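# Results of the structural survey
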Amino acid sequence: MGPRYLLIALFAAAPAAASSAEVTEERLLASLREDHPALVAARAVEEEARAESLRARLVPNPAVDYGTERPSGTTTQEEWGVSWALPFDGRFGARKGVAREGEAAAAVRAARMRLEARLRLRELFAAWLGASERSAALGRHAASIEALASRARARAAAGEATGLEARRLDLEASQARGDLASAEVERDAARAALAAWAELPAGSSPARSPLPGGAPELDAASHPSVRLWDAELRVAEAERDLASRLLFTPALRAGYQTQRDPAGGEHSGPVLSASLSVPIFERGQADRARAGARLRAAEAEQARARALAAAEAPVVRAAWERLAAEAATAHAAAAELSRLEEAARAAWTAGEMPLTDLLDTLRSTLGARVRDAKAHAAALSAHAALEAAAGRPLTGEAR
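First, a word on scope: everything that follows refers to the structure included in this document. (Residues numbered from 1 in each chain as written. Predicted model: local features only at pLDDT ≥ 70, side-chain atom pairs only at ≥ 80, totals over all residues. Heavy atoms only, no water.)

### Topic: the overall build of the chain
Along the backbone of the chain there are 9 helices and 6 strands. Over its C-alpha atoms the chain spans a radius of gyration of 37 Å, topping by over 25% the 21 Å that the globule rule assigns to 399 residues. With the C-alpha coordinates aligned to their principal axes, the bounding extent of the chain is approximately 140 × 45 × 35 Å. For the chain, contacts bridging at least 24 residues in sequence account for 80% of all contacts bridging at least 6. When the accessible surface of the chain is totalled, it reaches about 22,000 Å², and 58% of it is carbon and sulfur. Seen as two clouds, the 52 positive and the 54 negative side-chain charges of the chain have centres 1 Å apart. (Helix = DSSP H or I, 4+ residues; strand = E, 2+ residues; numbered from the N terminus. Rg over C-alpha atoms; globule rule 2.2 N^0.38 Å. Contact = heavy atoms within 4.5 Å. Areas by Shrake-Rupley, 256 points an atom, 1.4 Å probe, with all protein chains shown as cover. Lys, Arg positive; Asp, Glu negative; His and termini not counted. Charge placed at Lys NZ, Arg CZ, Asp CG, Glu CD.)

This is how it looks when you write it as structure tokens:
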């Protein structure tokens, strides 16, 4: 048996122990800090909405003007003034309403982005864990076949057996090495995908944690898509209210004018004026049409999101319960495999079991370990889907 497979066998036979190089799902999720790019993007969405809300509360600046007229040989005139467009009409309050609802919608959107980042980590971890456990199972199987092939060659060299069994085991070992290589490539690719989202310690490996407990009751109104479209609908309603406001306050101007005639006389006094936009031609028709279209679209999206959430809830819950039960069954079946393998190898060594039966037994135990790995990873993914439907974390301190 080569040194590589000896190391794999020793690793597989060693009892599992927690170490700093092991990464559990809980440890990975706890590392999701506010400086993570996904969370920075979520925070930026909220900050932009707060900036728009601030903009809506600000009143326009007054304008200061100065002018002079000095035609040759006639009266000269100087005038300065201050003008201000009064913002205190119905549109000012409506704009603040749009910004307020926009800020609330941004908070919902940012919360969804944070949850999606967490769910992405859970999905990537499940893939890494499943690929790593399958790789470990195939490594253990390859090491076992290598050891048997080495023993068969020794027996053939001693004249205790024909070389047929050794050649058969060499072919089996070659197949096991090919399967292991493919599994290791898959494992490394899964780790690289996760490392793009989270910082992993050098040389770290994934470690199992017990599966979460029972599924919570799912409320369609709590689904992230439903909450988001509820918020977007309120924004659309506020925009419709803004588009329906047609009354404007006037722009006022106050100034002071001085006139001087060629004879040296001077006349001066205050100047007051007001201007008002009269909605004769442009009465906000385009804004109202746009707001109405957006409102109808938001109502349709809200109805669709509610229907999808209601249909998804029982499916997601049933999938989690079924896959969690399957994972528990597969893990229990994999608990006693080492004893079965040792008994089969001992029987073959003693000449009490043909090689075909031994290989069938080892393939069966390999299949059970791979099934255990796949079932656990599938259950983790199902729980992440359950968390997505619930719209909130269901594991760890974030619950």
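### A closer look at the nonpolar core
Counting 19 residues, the largest nonpolar core has L28, L121, F125, W128 and L194 as the members making the most contacts within it. Sorting the residues of this core by element identifies α2 (25–30), α3 (37–57), α4 (90–157) and α5 (163–195) as the ones contributing at least two each. Considering every element that reaches this core, the biggest residue donor is α4, with 8 residues. Setting aside anything within four residues of it in sequence, one finds L121 in contact with L28, L29, L32, L194, W197 and A198. With 15 residues, the next largest nonpolar core counts A215, A327, A330 and A389 among its residues. (Core = buried A, V, L, I, M, F, W, Y, C linked by side-chain atoms within 4.5 Å. Buried < 20%, exposed > 50% of the residue type's maximum accessible area, 1.4 Å probe, protein only.)

### What to know about the packing of aromatic side chains
Inspection of every chain in the model, using the stated rule, returns 3 aromatic pairs. Each ring, one from W84 and one from F88, has its centre 6.2 Å from the other, and the planes form 80 degrees; the classification is edge-to-face. Taken together, a centroid distance of 6.3 Å and an interplanar angle of 85 degrees make the contact between F125 and W128 edge-to-face. Taken together, the residues F125 and W128, both in helix α4 and 3 residues apart, mark about one turn of the helix. Overall, F125 belongs to the buried group, its relative accessible area being 1%. You can call W128 buried: its relative accessible area is 2%. An aromatic cluster of at least three residues, connected via ring pairs, comprises W84, F88 and F92. Its end group placed over the ring of W348, R155 keeps NZ or CZ at 4.9 Å from the ring centre. (Phe/Tyr/Trp six-rings, centres within 6.5 Å; stacked < 30°, edge-to-face > 60°. Lys NZ or Arg CZ within 6 Å of the ring centre and 35° of its normal.)

### Some remarks on the pattern of salt bridges
Scanning all chains against the criterion turns up 34 salt bridges. A salt bridge links R234 to E101; the shortest N-O distance between them is 3.7 Å. In this pair, R234 is assigned in helix α6 (residues 224–243) and E101 in helix α4, connecting sequence segments 133 residues apart. Owing to a relative accessible area of 22%, E101 belongs among the partly exposed residues under this scheme. Among the salt bridges present, the one from R122 reaches E387, with a minimum N-O distance of 3.2 Å. With R122 in helix α4 and E387 in helix α9 (residues 355–390), this residue pair connects regions lying 265 residues apart in the sequence. For E387, a relative accessible area of 0% corresponds to the buried category. Three or more residues joined by partner-sharing salt bridges are found here, namely E25, R118, R122 and E387. (Salt bridge = Lys/Arg side-chain N within 4 Å of Asp/Glu carboxyl O.)

### Side note on the packing of helix α8 (residues 337–349) against α9
Interaxial distance between α8 and α9 falls to 10 Å at its minimum, and their mutual angle equals 170 degrees. Classified by the angle between their axes, α8 and α9 sit roughly antiparallel to one another. For the pair α8 and α9, contact is made by L337, S338, L340, E341, A344, R345 and W348 and by L355, L358, T361, L362, T365, A368 and R369, respectively. Each residue belonging to the contact of α8 with α9 can be placed in one class, and the counts come to 8 nonpolar, 3 polar and 3 charged. (Axes fitted to C-alpha atoms, helices over the stretch in contact; angles between N-to-C directions. Parallel < 35°, antiparallel > 145°, perpendicular 65-115°, else oblique. Nonpolar A, V, L, I, M, F, W, Y, C, P; charged D, E, K, R; others polar.)

### A short note on the sheet that holds strand β6 (residues 266–275)
Read across the sheet, 4 strands follow the order β2-β3-β5-β6 without closing on themselves; strand pairing throughout is antiparallel. With partners counted over all chains shown, the strands left at the sheet margins are β2 (63–69) and β6, one partner each. In this sheet, adjacent strand axes meet at a mean angle of 15 degrees when their direction is disregarded. (Pairing = 2+ DSSP bridges.)

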